[in-house]
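# Structure at a glance
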Amino acid sequence: MREIQFRDAIKEAMSEEMRRDESIFLMGEEVAEYNGAYKASQGMLDEFGPKRVIDTPIAELGFAGIGVGAAINGCRPIIEFMTFNFSLVAIDQIINSAAKIMAMSAGQYTCPIVFRGPTGNAGQLGAQHSQNFENWFANTPGLKVIVPSNPYDAKGLLKSAIRDNDPVIFMESEQMYGDKGQVPESEYLVPIGQAKIVEEGSDVTIVTFGKMLPRVVLPAVEALKKEGIKPEVIDLRTVRPIDYATVVNSVKKTNRCIVVEEAWPLAAISSEITYHLQR
């Protein structure tokens, strides 16, 4: 094991998969010459060249569409949005093309594409750059949605996403790119759709994902322990599909549940989980 930053886990995942499969390429604004807006593709242009690490104009609808077309025709594109707020410019390509092509073609075509980039708030970004769209994309048939909380999961889940034959939304927190964590030297995958019990407990189940785990939940858990409360912490990792079984089994044990996420509360992932538990 070695300690690396979140951004390096992202880079390693993409680089390892691109070495393994020549049909994979990275496309987005400033991913090549500038090494990525958050340095998540640093050095990749030097290794893979401009045909596989491609700088684009500021035109998300255009390069997302190119990625969808390439995926349908046998490639495995990774499309980086500088922020998922900008994915709204390309949302027709994501929702009406990538997510629907298998159904619209009666199974003749798949669309193995990854849309990735930062989500949520960060420092001094303003309202237009601080939104959370996990629930939007999770509510779209045909998409898988991943929100990792640490470098280990980020690398393993991104590798799984790149290999997946369905379109995957891979959402990273801008505030976490500098976070450090233990990652194995050897290659590994983290399965999509499998939650992780971060800490076992008996008094209350705390369900979360993404930035909220290290920034909010884990510090709160330490405070609860000092009061003699033993929480069980579940990191969803994937919000589409949701690993309901792990959550339900935990709540059967604790009889209490708190869901923590960074989102507008109406029709959020937390709303779905609490509804599922109570129905």
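Residues numbered from 1 in each chain as written. Predicted model: local features only at pLDDT ≥ 70, side-chain atom pairs only at ≥ 80, totals over all residues. Heavy atoms only, no water.

## Notes on the side chain of Ser41
Examined against the element boundaries, Ser41 turns out to sit in the loop between β2 (24–28) and α2 (44–48). By relative accessible area, Ser41 is classed as buried at 0%. From its side chain, Ser41 meets the backbone oxygen of Val31 in a polar contact 2.6 Å long. Looking at Ser41, its side chain comes within polar contact range of the main-chain oxygen of Asn35, at 3.3 Å. (Helix = DSSP H or I, 4+ residues; strand = E, 2+ residues; numbered from the N terminus. Buried < 20%, exposed > 50% of the residue type's maximum accessible area, 1.4 Å probe, protein only. Polar contact = N/O pair within 3.5 Å; in protein donor to acceptor, adjacent residues only side chain to side chain.)

## A look at the packing of helix α9 (residues 244–254) against helix α10 (residues 269–278)
Here α9 crosses α10 at 60 degrees, and the two axes come no closer than 11 Å. One finds that α9 runs oblique with respect to α10. Between α9 and α10 the crossing geometry is right-handed. The segment α9 lies against α10, with Tyr244, Val247, Val248 and Val251 engaging Glu272, Ile273, His276 and Leu277. Split by residue class, the contact of α9 with α10 holds six nonpolar, one polar and one charged. (Axes fitted to C-alpha atoms, helices over the stretch in contact; angles between N-to-C directions. Parallel < 35°, antiparallel > 145°, perpendicular 65-115°, else oblique. Left-handed = near helix turned anticlockwise from the far one by under 90°. Contact = heavy atoms within 4.5 Å. Nonpolar A, V, L, I, M, F, W, Y, C, P; charged D, E, K, R; others polar.)

## What about the sheet that holds strand β7 (residues 168–173)?
Within a sheet, adjacent strands bond to each other through the backbone by hydrogen bonds, running parallel or antiparallel. With mixed pairing, seven strands are arranged side by side in an open sheet as β3-β2-β4-β5-β7-β6-β12. Because the sheet does not close on itself, it has two edges, and the strands there are β3 (53–55) and β12 (238–240). Neighbouring strand axes in the sheet, compared pairwise and without regard to direction, differ in orientation by 20 degrees on average. Where β2 lies against strand β4 (residues 76–80), five bridges are found, and the strand directions are parallel. Residue Phe25 lies in a different strand from β4, and its bridge partner there is Pro77. Contacts from helix α1 (residues 6–20) reach β2, β3, β4, β5 (114–119) and β7 within the one sheet, and its direction differs from that of β2 by about 135 degrees. Most of the contacts of helix α7 (residues 151–163) go to β7, to which it runs at about 160 degrees, and overall it touches β2, β4, β5, β6 (144–146), β7 and β12. (Pairing = 2+ DSSP bridges.)

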